[in-house]
Every structure is written in structure tokens, then in C-alpha cells.
Amino acid sequence: MDEIAGMDLNLVMATVNGSGSQSANLVLTRALFAMGVPVAPKNIFPSNIEGLPTWFFLRANAAGHLAGRREADLLVALNRATFHQDVARILAGGVLVFEQAFGDPQVDPEAHLSTYPVPFGKLAKEAVSDPDLRKYLTNMIYVGVVAEILGLPEKALESALARQFRGKPRALPENRAAIELGRSYFKENLTRSGSLAVHPLDQNKGKLLLEGNQAVALGALMGGCSVFAWYPITPSSSVAEHLTSLSDRLRVDPSTGERRIAIVQAEDELAAAGMVIGAGWAGARSMTATSGPGISLMAEFVGLAYFAEIPSVFVDIQRVGPSTGLPTRTMQGDLQFAYSLSHGDTRHPILLPGSVVEAYTFTQMALDLAERVQTPVFVLSDLDLGMNLWMTDPPPYPEQPFDRGKVLGEEELQGMAKFERYRDLDGDGIAARTLPGTRHPLAAYFTRGSGHDEAARYTESEEAYPRVMDRLRRKLDSAVWRLPQPEESTEEGAEFGIIAYGSSDAAVAEARSALSSLGIRTGYLRIRSLPPGPAIASFLGRHQRVYLVEQNRDGQMLQVLRSELAPGLTGRIQSILHYDGFPLFAADVLEAIRTMEAGRGVRLTSLESDAAVERTR
Amino acid sequence: MGVAAKVNPLGLTRDDYKGLATTLCAGCGHNSITNHLVKALFESGVDPYRMAKMSGIGCSSKATAYFMERSHAFNAVHGRMPAVTTGAALANRQLLYLGISGDGDTASIGLGQFCHLVRRNLDCTYVIEDNGVYGLTKGQFSATADIGSVQKRGAVNELETIDIAALAVQLGASFVARGFSGDGGQLVPLLRAAMAHRGTAILDVISPCVTFNDHAGSTKSYAYLKEHDLILQELDFVAHRDEVVVSYPEGESVDVALHDGSVLRLRKLGQQHDPLDRLAALTVLDRGRQSGEVVTGLIYVNPEAVDFCSREHLPAAPLRDMKEAELRPDRQRFAELIASWS
């Protein structure tokens, strides 16, 4: 394999948060991207405004894998507090760039690192008089140093700078100068050793760098959301922020200033849920975006929306729970909770986007489903998918009109002898609704979370209650086909199957390609929604042994499948569970499979001996 | 056949504003409020198809079933009617939102939402049927119970009361009034004015609970109110289409012009209260709190306040009626957006 085609570099920038390192890291990301090199950036940041350690993992790999890697080929060490622990992360033969003032990095001579001490603080002090600005520009200096080491062309850096500071042209010259400072310091004082380099490729044509949350916001806009209520919570707040800026651009009448969307920052998540439900009841396409603690607070309202059958969309950008948990770390921890959120018997459609494009399309689909099925619909993304930049194809223009579901207006009511809000007339469990403001004597009904019959009358009847509950179950069952079905890619003669969902897709895809290159063929099913459709049982039926990859401790998807599928099928599943707050990487999956296959007496010796796999472990 | 029933400008009779038979206790103040509401809605000629009745949970919140059967109603979860109403109003600001709540629903579990509704000045009428106790759970004190008020079984409330009207004024409410379920002469014009006002109109209506809070020692009983009702003004609601029927000698009355062109005419009684003066509003309420008087009437009004949907720059046409053409950018604008992201 030639050097370029096999290029797989992981740059790790260890900094202090609040120091503006994000801009520097994004300039590096965009420079590599501009060179046509596929990138996978992962920002690992603390729940803190200023002063705690933060790491930016920037993987550049010719194969185009979108998952990250743990170990560093190149480390920029700018945080004294984590200096030695960060240095230990560098792979043998790698590169260390560090603040000279930190002193001896105590590298293992066996590791054969190239080390470059740079007096970042001193350089910045000499070049920038304003202390606030100096802090930010210190980071930009390392961009210049890294560019020299890796051989990044001027053009790529310039294009990255222009993109990063678009709309802030005044910041451009000083950032450019800081990068130049790093470059010239390196050229004058240090000598490049080792062979680490990034070579231009041509693989990013037509690709974009987008965050999942940005895609959710675009999905909301294109899906016709007109009421969005939210309460600030990491990692979901940027959905509202992106939607606001999109709306400023695309939902404002320039002549009158009138806005065709209401985006309301509520007093808490209870109120946000209430506004979404009130708007859904009144006939607007409405949604919220939140995270686990918000979902907890919304539980009561979601039960109301389920029982009173009110269209509403809840996007959950999952983070590590329980409780405050690790607010800035990623997890697939809300699956079971969201699936049956609220007291009593409930069940909600759950959409599980596995990519930026799906975050966009599933948000639109959720708005359609909510109105079609008249129920709360959940989109479960996570911090990794939501807040990191992902290389992606552009989101496609939607081809379908909105599905507004069964709504009776004055004309439809005109021909009717009576209207009963909760009477299923066509057997799919979904009854037609009217909207407040409908000018017809039959239109009005009483919406309540208390017991009701088909005519929406209050009742505690032992006949009416089970009738309503059975219809609600039937309603969801009959809508399962409308949900995105699992995506399967199974190799002929697969030795075992793998099931995953959501943001795990990138790591699983990479793990499979590593296994495949070792001659180990696998089946792969990516679940994209709940309730589980027939494809899952079919996949389980075709594989004697299946690994189910999840980013939580308790195997929440497995629990759901166990409760809904035959024990003979779910008995074939073994969990691969990842829950340390880091995004899932291919090595996590490979290591688990290696261990479990070894436990079965099947030694994947080739897996252990293969250098390429060894490196990613 | 009897005499033809009186009709309002919409051609509706008072009966057209009625709802289901009440399931509340006989003599409950809430039932009187419902009757006054029916009268006010009928007299103001409120279009049933333009009305949305909103409520939370509690005896009071059931009342939305007992009037205007031809209007949609939403009985939400406990203390959360404000959020649901806000969402509905954002979706369709052309409807008239009438919220019915209670003292538990508003001053305890829903206090946060109440405060934020007032801050936003959402265009709605918010009636608190205030009896100082929890009825459905059998007589516990609520947060509006006055300090020293005695529970039916003898317990004395030792906690400070939350004065909803004073709180609303402090939060910047644009319309604050207090009424008494037993005084329809005062309540009907207040209700009509509240509905004519653009913004959040808070109407705290003392409404005795005959089952749990109408005994000696209660400060929310019929007997207590009859003795301690400090009426600020005599009120006449003058709809813009009506002729002015009552006139007072100069200096004895003040007209408050409301958003829809109607007028609330206030005739001063012994009190020299200016309802346009926020500080005076707080003062009159605090004096009442100290003296044990229940101050009723129009406490504060700011007819100029901007309502929430206007502040959000929403168009007059309901958002809920908008279609793809209005909500989904066309292919070209979409392509431009995507290009700007590269």
C-alpha cells in the first residue's frame, strides 16, 4: 500500500478551554479539508467556561473513515495540567509540539518521537500587546507550526482562514499573522525530522463539513416547523441557534420584518414541551430540541400528548446521564426512557439518525409523522453526531410535500352527520382531528389528559379506557411501516452479524472494513427507528451470533428488542457496550469483538497480528 | 312559545354560550363565575369559533366544560396551562384565549409558568378562581390562603400568602383586576374589559369553596367577603358599538380606552385609585393585605403594552395555516444556502 493511499493521521490538540483553541482547530480542520483530505474532527470539551482541559482530535485519513481515533500521531501540548498524560498518548514515531515553558516532556526514548519545543507564550507576548487577544492568538501560532511539520500548503491555510473568519474580516489579518509567526519560528529555529506529512488528495468534491445539530435545524426549517420552543441545555442549544440564524435568513419577510416562525426560549423544559404541544394542538408544526435532563422534565407533558393525541416533535441530543452526568460527553443513554416516556402505558416512535444527512431528513420525517400519527415523535441524536463537524454529502432538497395528517376543515365537516374526535373510521387507529378556530358547529371538542371516550367526553368507564388504549397501540403498530426501516449491508458468508444505531455507524463501518480486510465477513444491520420493524427479526434469524453495539451501560436497545421479539432470536445477541463519554471508535468495536470471539474459542489471530488494526486499537 | 330570546350582534342567544351541566358542588363560587362568564361572553358577542378555552388541573380548571360548548377547549396538565396557551397562540394568534385556573394551579405548581406568561404579555385572559384551598384533594391550604386563615378542621395557616394580583403587577402585567364570584355587577365588566385588552389580563376572582373553605375563620368565605370587600370603583363596560348609557358628573369617572375600541368606565368610590399608576396599584394591594380588606376592581392597566406575538413579529395570519410556499425555501434559495456552507 502506498504511503498516500494509506494515510491515516490523528492530530490531537490538548489545550485549556476558553482560550479560543476552537478557532485554531477549525482552521486546521478546514485546511486539511481544503486539501481534499477526508477529516473526522472530534471535540472533547469540559462542562466549563474557562480553565479546564479540552482536546481536539483531528483525524485525517485517505480511507474517509468518519470515526475518530484515540492515540495521537501528532500532539500539540498546550495544557500544563495534562502535559505528561497527553504525551503518553503519542504513538511510537509520532510528533510532539509543546510549550517550551513546560520543561522536559520526559518522553520514552524507545518511542522515537520527534519533539518540537516552541515558546508559544513568549512569541505571543512579543507579538500581541492586548492580553485578551494574545490568549486567542497563541493557539493560532500552533496552526503555523503544525502546517510546517505536515507540509500544509499556503493556499489551503488561506482558504481555511477565509472560511473560518467569514463575516469577521477584521479578525483575519491578525490570525493570519499568528499563523505566519508559527511558521517562521519553526523555519528559523527547528528542523523537521521524521516522515509525518499530509499529502493533498482529491476526495472532498461536493462534500461539506456540517454538525448534526445544524442538520436538525435545517430539517426543521425545510420540514415546515413554525413553532420551536426550547430551553438552553448542552448539547442541544445549537439546534435553536442554527434554526434562529436560518430563520433570520429564510423565514423573514424583508419588506415587513414579519417572521414565519416563532422560536421561543422558554423558562424551562416543561414550558418548552407545553408550548410545542399547545402549538401542535392548534395546528402548527412544532418541535423542541433538548437533552436528557430536559426529556426527564418533559415526561408528564409527553404523556398528555400521547393520550390526547397531539402532534409534537422532541429532538433529544443525548449526553451522559443520569442526572447532570457528564454534560459535554456523548452517550446513547435515553433510548429506553424516551421510548416509553411518561407514566401509564405509552410508546413513542423513535427515529435514530446515523449521519448528518439523516439528522436532516429524519427531523422532517418526524414533523410529518407527528401530524400523521397524531402523537409525540422522538428524534434521538447525540453529542457526537450533534456537536461535531462531519464530512457529509449536501442535504438533499425535500421531494415530498408536508404530510399534514387527518385534519377536518369546514368543508369536510359540512358533509358529516357527526364528528367524534377519537373515533377511528378507517381502521388504522388514527382518528381525524379538527383545529381550534374551525368555523363549524361540529368542530369543537374537549381536549384532555383525563379518561375520555371516542367523542372526547370525560369518562372513567371500564369499557372505554381499554378501548382507547388498544387503539393507541394499534395506531402505532399500523404506522411502523412509515418509519425509516433498518439499513442492511451483509457480506456473503458472514461469520456473524453486527447491529448498531445512531452515531455508532461510523465506527462500526470502519471496524467492518478492518475485519473484511482480514477476511472476516460480517452482516450489518443499522436500526433507524423504533418500534422494531420486521427486518430486525429477519436479520437475527439469518445470523447465529450477533453483536449489538450500543453507547450505554445497560444495553438499552437489547432490552427493547427482548421485550418485543422472540427470545430465541434475541438470545443470539451479545452486547458491545461503550459508555466512557468518548465517541465510539472502531478500535472499541474491534477490541470487543476480538475478546468475545476469543471467549468462544475462536481466535482471531489475524486480527491481533495485523499491523493496521493494531494501530487503530 | 315564549318571548323570543334576546340575541347579541352575532345573532346568538345567551344559551348559545352555555356548556355542559356543572359537576362542581352546589353553591360553589366557580359556578357563579361560569354564569358571569356566560353573560360577559354573550354581551360582548364573542364568536364561539374564535374562542379557545384553556385550563390546567383542579376544580376551577374543569369549568371550561361548563360554557361555550361550540368552542375548542384544552384541559392541560397541572399548572401548565400558560405554556400550552402560549404555544397555541403562537400557532394561531387570531383566536381569543381564555384561561381558567385556580389558586393551586397558578400560585403553587404553576407559579413559574404564571410569572413567565405575564412577562411575555401573551394576548389572553387569565382567570384565577381563587378559593384558598385544594378542593379535589379535600381541603389542604393553597398558597393564596391568608396568614391566620383557619382550615375547616381548625388548623391555622401560618405561612405568608401569595397575592397573585400584587405579584402580577410587580411582574409587569398589563391588566390586573380582582373580583368576587358573588359580585357579578363588578365581575362582568371586568371580564369583558379583560377580553378586550390586548395582552395578558389577570383576573383574580375570589370564589368561596362551600365544601372546604366557607366557615368562620376563613378569609375566603362568602361572609368574610361580604364584610371585607374593598371595592375600588364602580365599573361600566362600554363596547365601541354601543352608545354610552351611563354618564357621571365631570371628575367622578375615568374612561380607560381598550385595544379593540371599547371603554371601561370607572366611577370613583371612596378610594382615589388611579389604575394607570403601577406604584399606586401595589400600594392599594398592600394596604388591603395589612388591613385584611379584599381589594377588588381594576387594579392596574396599561393599554399600550405590546403583546408577545407582536413582539415576536408574527404576521396577523396564523402560522398554522402556512403552507410549503411560505415555510419551505425554494430550490434556488436552498441551493444558495448549501453553497454558502461549503
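Since the model is a prediction, treat every value here as computed from it, not as a measurement. (Residues numbered from 1 in each chain as written. Chains lettered and ligands numbered in written order. Predicted model: local features only at pLDDT ≥ 70, side-chain atom pairs only at ≥ 80, totals over all residues. Heavy atoms only, no water.)

## Some points on the overall build of chain B
Point 1. Regarding its fold elements, chain B presents 12 helices and 13 strands.
Point 2. For a compact globule of 342 residues, the expected C-alpha radius of gyration is about 20 Å, and chain B comes in at 21 Å, within 12% of that figure.
Point 3. Referenced to the eigenvectors of the C-alpha coordinate spread, the extents of chain B come out at roughly 75 × 50 × 45 Å.
Point 4. Split into buried and exposed, the 342 residues of chain B put 58% on the buried side.
Point 5. Expressed as a percentage of contacts within chain B between residues at least 6 apart in sequence, the contacts between residues at least 24 apart total 70%.
Point 6. Summed over all atoms, the accessible surface of chain B reaches about 13,800 Å², with 53% contributed by carbon and sulfur.
Point 7. Between the centroid of the 33 positive side chains of chain B and the centroid of its 39 negative side chains there is a distance of 5 Å. (Helix = DSSP H or I, 4+ residues; strand = E, 2+ residues; numbered from the N terminus. Rg over C-alpha atoms; globule rule 2.2 N^0.38 Å. Buried < 20%, exposed > 50% of the residue type's maximum accessible area, 1.4 Å probe, protein only. Contact = heavy atoms within 4.5 Å. Areas by Shrake-Rupley, 256 points an atom, 1.4 Å probe, with all protein chains shown as cover. Lys, Arg positive; Asp, Glu negative; His and termini not counted. Charge placed at Lys NZ, Arg CZ, Asp CG, Glu CD.)

## Here's the deal with the overall build of chain A
Point 1. Of regular secondary structure, chain A possesses 22 helices and 22 strands.
Point 2. Its C-alpha atoms give chain A a radius of gyration of 27 Å, near enough to 25 Å, the size a compact globule of 617 residues would have.
Point 3. Along the three orthogonal principal directions, the C-alpha set of chain A runs to about 90 × 70 × 40 Å.
Point 4. When contacts within chain A are restricted to residue pairs at least 6 apart in sequence, long-range pairs at least 24 apart make up 75% of them.

## Digging into the interface of chain A and chain B
Point 1. Contacts between chain A and chain B engage 68 residues on the former and 56 residues on the latter.
Point 2. Around 5,300 Å² of area is buried between chain A and chain B when both sides are counted, 63% of it from carbon and sulfur atoms.
Point 3. Counting across the chain A and chain B interface gives three salt bridges.
Point 4. Of the charged contacts in the structure, one is a salt bridge between Arg439 of chain A and Asp47 of chain B, with a shortest N-O distance of 2.6 Å.
Point 5. For the interface between chain A and chain B, the tally reads 23 residue pairs in polar contact (both at pLDDT 80 or more).
Point 6. Elements with a minimum of two residues in the side of chain A that touches chain B: strand 7 (208–211), helix 7 (212–222), helix 8 (237–250), strand 9 (262–265), helix 9 (269–282), helix 10 (292–308), helix 12 (356–373) and strand 16 (446–448) of chain A.
Point 7. Per element, the largest residue contribution to the side of chain A that touches chain B is nine residues, and it comes from helix 9 of chain A.
Point 8. Residues that form the side of chain A that touches chain B fall into these classes: 39 nonpolar, 16 polar and 13 charged. (Buried area = accessible area lost by both parts, 1.4 Å probe. Salt bridge = Lys/Arg side-chain N within 4 Å of Asp/Glu carboxyl O. Polar contact = N/O pair within 3.5 Å; in protein donor to acceptor, adjacent residues only side chain to side chain. Nonpolar A, V, L, I, M, F, W, Y, C, P; charged D, E, K, R; others polar.)

## Side note on helix 12 of chain A
Residues and elements named next belong to chain A.
Point 1. The end-to-end C-alpha distance of helix 12 is 25 Å, a good match for the 26 Å that 18 residues give at a rise of 1.5 Å each.
Point 2. With respect to burial, helix 12 is a largely interior element, 14 of its 18 residues being buried.
Point 3. Positive backbone phi, at 55°, marks Gln374, one or two positions downstream of helix 12. (Expected span 1.5 Å × (residues − 1).)

## Overview of the sheet that holds strand 10 (residues 233–238) of chain B
All names here are of chain B.
Point 1. Strand order across the open sheet formed by three strands is 10-12-11, with antiparallel pairing between neighbours. Lying at the two open borders of the sheet, with one neighbouring strand each, are strand 10 and strand 11 (253–257). Direction aside, neighbouring strands of the sheet carry axes that sit 20° apart on average.
Point 2. Bridge analysis of strand 11 against strand 12 (residues 263–268) gives five bridges, and the strand direction is antiparallel. Residue pairing for strand 12: Val256 is matched across the bridge by Leu264.
Point 3. On the sheet, helix 7 (residues 184–196) packs against strand 10 and strand 12 and is oriented at approximately 50° with respect to strand 10. (Pairing = 2+ DSSP bridges. Axes fitted to C-alpha atoms, helices over the stretch in contact; angles between N-to-C directions.)

## Structural notes on the side chain of Asn131 of chain B
Point 1. Position of Asn131 of chain B among the secondary structure elements: in the loop between strand 4 (124–130) and strand 5 (133–134).
Point 2. The residues touching Asn131 of chain B, leaving out its near neighbours within four places in the chain, are His30, Asp103, Ser207, Pro208, Cys209, Asn213 and Lys220 of chain B.

## Focus on the domain arrangement of chain A
Point 1. For chain A, the domain assignment lists domain 1 (8–189), domain 2 (210–392), domain 3 (406–483) and domain 4 (487–616).
Point 2. Its C-alpha centre places domain 1 of chain A at a distance of 59 Å from the equivalent point of domain 3 of chain A. (Domains from an automatic or database assignment.)

## Observations regarding the sheet that holds strand 19 (residues 522–527) of chain A
Residue and element names in this part refer to chain A.
Point 1. Taken together, five strands build an open sheet; the order of strands is 17-19-18-21-22 and the sheet is mixed. Each end of this open sheet is capped by a strand with a single partner; those strands are strand 17 (487–488) and strand 22 (573–577).
Point 2. Set on the sheet, helix 18 (residues 556–564) makes contact with strand 18 (496–501), strand 19, strand 21 (546–550) and strand 22; between it and strand 21 the angle comes to about 125°.

## Quick notes on the packing of aromatic side chains
Point 1. Evaluated as defined, the whole model comprises 16 aromatic pairs over all chains.
Point 2. Seen from their ring centres, Phe582 of chain A and Phe585 of chain A are 6.2 Å apart, and the 90° between their planes marks the pair as edge-to-face.
Point 3. Overall, Phe582 of chain A belongs to the buried group, its relative accessible area being 11%.
Point 4. Through successive ring pairs, a cluster of aromatic residues spans Phe57, Phe582 and Phe585 of chain A.
Point 5. The ring of Phe308 of chain B is capped by Arg120 of chain B, whose NZ or CZ atom sits 5.9 Å from the centre of that ring. (Phe/Tyr/Trp six-rings, centres within 6.5 Å; stacked < 30°, edge-to-face > 60°. Lys NZ or Arg CZ within 6 Å of the ring centre and 35° of its normal.)

## Examining the state of the cysteines
As used here, a disulfide is simply a covalent bond connecting the sulfur atoms of two cysteines.
All names here are of chain B.
Point 1. Across all of its chains, the model carries zero disulfides over all chains by this definition.
Point 2. Here Cys28 is not disulfide-linked; the sulfur of Cys25 is the nearest cysteine sulfur, at 6.2 Å.
Point 3. You can call Cys28 buried: its relative accessible area is 9%.
Point 4. There is no disulfide at Cys115, and the cysteine sulfur nearest it, in Cys124, is 14 Å away. (Disulfide = S-S within 2.5 Å.)

## As for the pattern of salt bridges
Point 1. Inspection of the entire model under this criterion finds 56 salt bridges over all chains.
Point 2. The closest approach of N and O atoms between Lys18 of chain B and Asp15 of chain B, which form a salt bridge, is 3.1 Å.
Point 3. Taking the relative accessible area as the measure of exposure, Asp15 of chain B reaches 53% and is therefore exposed.
Point 4. Salt bridges here are not isolated pairs; linked through shared partners, they connect Asp8, Arg59, Arg69, Asp73 and Glu510 of chain A.

## What about helix 16 (residues 505–517) of chain A?
All names here are of chain A.
Point 1. End to end, helix 16 covers 18 Å across 13 residues, agreeing with the expected 18 Å (1.5 Å per residue, within 8%).
Point 2. Every buried residue of helix 16 is accounted for by Asp505, Ala506, Ala507, Val508, Glu510, Ala511, Arg512, Ala514 and Leu515.
Point 3. In the stretch just after helix 16, Gly519 is the one whose phi turns positive, near 85°.

## Brief notes about the environment of Gln272 of chain B
Residue and element names in this part refer to chain B.
Point 1. The residue Gln272 is located in the loop between strand 12 and helix 9 (278–291) in this model.
Point 2. What makes Gln272 exposed here is its relative accessible area of 65%.
Point 3. Separated by 242 residues in the primary sequence, Gln272 and His30 have C-alpha atoms spaced 30 Å apart.

## Some points on the pairing of strand 12 of chain B
All names here are of chain B.
Point 1. Judged from the six bridges that link them, strand 10 and strand 12 form a sheet pairing that is antiparallel. Residue pairing across strands places Phe237 opposite Leu264, the latter belonging to strand 12.
Point 2. Where strand 11 folds back on strand 12, the antiparallel hairpin that results is connected by five residues, among which Gly261 adopts a positive phi of roughly 95°.

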